[in-house]
Amino acid sequence: MGYCSFTYVSNALMCGYVKWGSVNCATQLFDEMPQRDWASWNTMISCLVKDLQYERAFELFREWQKIDSFRADHFTISSLLTASKECFSFMKGREIHAHALKIGFESNVSVNNALIGFYTYCGSVKNVVALFERMCVKDVITWTGMVTGYMEFGLVESAMEVFNQMPMRNCISYNALLAGFCKNGEGLRALEVFRGMLENTLELSDFTLTSIINACAVVTEVKISKQIHGFVIKSGYGSNNAWIEGTLIDMCTKCGRMIDAQKLFSKWLYKQNESIVWTSMICGYARNGQHNEAMSLFCKMQADGDLLVDEVASTAALSVCGSLGFHEMGKQIHCYTLKSGFLSDLQVGNSIFSMYSKCGNMEDAVKFFDLMPKHDIVSWNGLITGHILHRNGDSALDVWLTMEKIGVKPDSITFMLILSAYKYTKSNSNSLDSCRGLFLSMKNLYGIEPTSEHYACMIGVLGYWGCFDEAEEMINKMNFESDALVWRALLDSCRLRSNTKLGRLAAKHLLAIEPKDPASYILVSNLYSASGRWHCSEKIREEMREKGLKKNPSQSWIIHENKIHSFFARDKSHSSTKDIYSGLDILILECIKAGYIPDTSFVLHEVEEHQKKDFLFYHSAKLAVTYGLLMTKLGRPIRVVKNIHLCGDCHTFFKYVSTVTRREIFFRDASVKGDNFLQLIATQEQQHNV
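Residues numbered from 1 in each chain as written. Predicted model: local features only at pLDDT ≥ 70, side-chain atom pairs only at ≥ 80, totals over all residues. Heavy atoms only, no water.

### So, the packing of aromatic side chains
Under the defined criterion, the tally for this structure stands at 21 aromatic pairs. Each ring, one from Phe 653 and one from Phe 654, has its centre 5.9 Å from the other, and the planes form 55°; the classification is tilted. Note on accessibility: Phe 653 and Phe 654 belong to one class, buried. Joined through ring pairs, the aromatic side chains of Tyr 596, Phe 653, Phe 654, Tyr 656 and Phe 667 make up one cluster. Here the basic side chain of Lys 572 rests over the ring of Tyr 581, its NZ or CZ set 5.4 Å away from the ring centre. (Phe/Tyr/Trp six-rings, centres within 6.5 Å; stacked < 30°, edge-to-face > 60°. Buried < 20%, exposed > 50% of the residue type's maximum accessible area, 1.4 Å probe, protein only. Lys NZ or Arg CZ within 6 Å of the ring centre and 35° of its normal.)

Structural data, given as structure tokens:
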């Protein structure tokens with residue numbers, strides 16, 4: 001037992017404790033040592049850095065500096081630079097760098113390699129390049145560090161240039177290249193490098209496989225993801241490896257392979273990364289439109305006391321609440337994030353006010369936005385989106401003016417949103433001139449080249465205000481070939497304004513570009529139906545059937561008592577069907593007394609007039625709103641979501657329903673690209689204008 005009085009014995013024992021993960025035992029032994037040498041201090045500092053106790057490591061270093069026998073070496077400097085990098089402490093790293101120069105380590109390869117790592121994460125590319133160029137001696141770690149550095153700064157080609165110049169490469173060098181490609185969205189290039197590694201029989205590690213699996217997730221190509229998945233299983237790397245299996249689950253969710261992801265998830269046996277895997281599945285369900293499954297899993301995760309519901313899971317759940325219009329659950333998650341201290345996270349904050357705006361509660365959305373400690377361009381774009389969803393173009397433009405006033409730099413998405421906002425302003429005369437001016441100034445004033453998305457938004461605005469000649473001229477003068485987005489925007493405007501002649505031209509181009517997109521066929525068919533050209537409409541639908549294309553069925557839903565109640569047109573599958581239909585029949589009669597006239601032009605089928613009314617009265621949206629009126633308390637607003645356009649007759653009908661029942665009705669549909677909101681009758685004054 002007395003051997004511990006020998007310093008080298010205590011050092012060896014301390015190293016053993018560190019390897020076994022017994023940090024407390026190592027710390028206790030260090031504190032009890034009668035004598036310590038430089039190895040004792042280095043071992044303890046390294047131990048604290050590995051245990052993420054960065055501040056304690058710096059305290060120990062300062063304590064060591066006070067001792068006469070103080071003699072830091074390259075190992076000490078490297079450990080402390082790692083600590084500075086991991087805790088993003090630029091000042092501490094600079095101090096350690098200065099100390100290294102003071103004691104003569106400016107030419108030490110190990111120290112310089114650590115400095116490259118530090119400045120990669122806490123400095124600038126100039127710092128990293130200057131260090132690299134000053135180094136007289138470079139090893140494979142140095143070159144690999146430069147590859148990582150350039151990749152971190154998004155300089156992919158510079159990283160490739162360094163990689164190609166490397167006098168010697170190892171598995172870690174290739175892994176750095178793979179990880180860098182994934183980070184910069186270059187999944188196909190990562191797959192190409194991996195293919196080269198296999199051909200040259202290079203060593204593969206767990207990190208290699210997780211990187212290439214991530215590359216598949218970036219590419220989102222199902223066939224490639226299955227090939228890599230099969231390779232991992234065949235090679236035996238995936239079994240009993242939490243990191244690889246977790247990455248496979250994430251890849252499957254991003255490639256739309258949710259059934260495979262569920263199989264892997266159901267077999268998960270590890271406590272390691274368990275919360276991360278649950279979060280990955282929640283995000284996967286949300287990403288693939290399986291909102292019920294996402295919310296169910298999130299609730300289970302919250303109920304399980306051993307799982308950590310972090311910022312990422314909360315953000316995904318808030319996004320799902322917004323997509324579903326699940327206002328009450330969204331408010332509960334908002335409270336959870338508040339109690340958990342997540343509100344300082346910018347992504348969580350952005351998700352909260354986005355959720356409120358998508359659930360029809362723009363007032364709380366704006367209040368929360370104003371309370372956020374900081375904003376990024378995603379925040380501002382989200383606020384503009386909220387106003388557009390509520391058809392309040394003037395408020396969206398006010399946000400844009402505020403952004404310009406305080407110097408917020410817009411991005412490409414900002415201009416798509418602002419251009420779209422001009423469709424929902426109170427007057428078109430000044431709005432159109434302003435919209436044209438903004439579009440023309442994008443490149444000159446803001447350095448953003450207009451893309452097909454921006455042209456589509458502009459075409460949509462011109463078509464909305466009936467400027468079809470100008471819209472057609474703009475398409476003809478585009479600097480690049482018009483794509484489906486542009487023609488769909490024109491076709492949608494033609495449908496809205498019943499411009500059949502130009503609509504036929506847009507339809508011809510759209511179907512040539514996207515011959516397998518059912519949404520395009522439906523848009524064309526509806527254009528013909530709206531103009532009474534039933535034979536043309538039926539011809540388009542017949543072509544759909546021949547090609548095996550199916551229409552996405554119209555569906556509306558409402559949340560009641562934390563349960564989603566979905567309805568299709570003339571749906572009689574709901575348990576309360578009898579009450580819903582009886583209630584709707586009464587509503588129709590009361591609304592007709594109040595002045596509602598059914599508009600059968602929105603029935604896009606060639607049937608008798610009495611049949612048209614039957615089609616019209618039992619749209620999915622009307623069934624959902626009726627159910628909401630029957631099941632919610634008096635005075636409570638009705639919030640309904642529909643997966644496609646809300647027809648004009650339903651829009652008019654709900655105005656009368658709001659007047660007759662004295663209830664607010666909030667409706668969200670897909671009337672423009674993406675989710676859009678239609679707020680119906682928020683005040684009694686608006687109701688009197690019906």
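Okay, back to it.
### Details of helix H6 (residues 90-102)
Compared with the 18 Å implied by 1.5 Å per residue over 13 residues, the 18 Å span of H6 between its first and last C-alpha is a close match. In this structure, the buried residues of H6 make contact with helix H4 (54-65), helix H5 (74-86) and helix H7 (109-122). Where H6 ends, the next residue or the one after it, Gly 104, has phi of about 85°, a positive value. (Helix = DSSP H or I, 4+ residues; strand = E, 2+ residues; numbered from the N terminus. Expected span 1.5 Å × (residues − 1). Contact = heavy atoms within 4.5 Å.)

### Re empty space enclosed by the protein
Counted under the stated rule, the structure contains two cavities of 30 Å³ or more. Empty space within the largest cavity amounts to approximately 60 Å³. Secondary structure elements with two or more residues in the lining of the largest cavity: strand E3 (638-642) and strand E4 (665-669). Ranked by residue count, the leading element in the lining of the largest cavity is E3, at three residues. Of the residues in the lining of the largest cavity, the class split is six nonpolar, two polar and three charged. In this structure, the second largest cavity occupies an estimated 30 Å³ of space. (1 Å grid on protein atoms, 1.4 Å probe; cavity = no way out; pocket = protein on both sides within 12 Å on 5 of 7 lines; lining within 4 Å. Points joined across faces, edges and corners; volume = space filled by probe spheres on them. Nonpolar A, V, L, I, M, F, W, Y, C, P; charged D, E, K, R; others polar.)

### Points about the packing of helix H14 (residues 222-235) against helix H15 (residues 242-254)
Two packed helices can be described by the angle between their axes and the distance between those axes. In the contact formed by H14 and H15, the axes pass within 11 Å of each other and the chain directions differ by 165°. Classified by the angle between their axes, H14 and H15 sit roughly antiparallel to one another. For the crossing formed where H14 meets H15, the hand is left-handed. On H15, the residues touching Ser 225, His 229 and Val 232 of H14 are Ile 244, Leu 248, Met 251 and Cys 252. For the contact of H14 with H15, the per-class residue count stands at five nonpolar, two polar and no charged. (Axes fitted to C-alpha atoms, helices over the stretch in contact; angles between N-to-C directions. Parallel < 35°, antiparallel > 145°, perpendicular 65-115°, else oblique. Left-handed = near helix turned anticlockwise from the far one by under 90°.)

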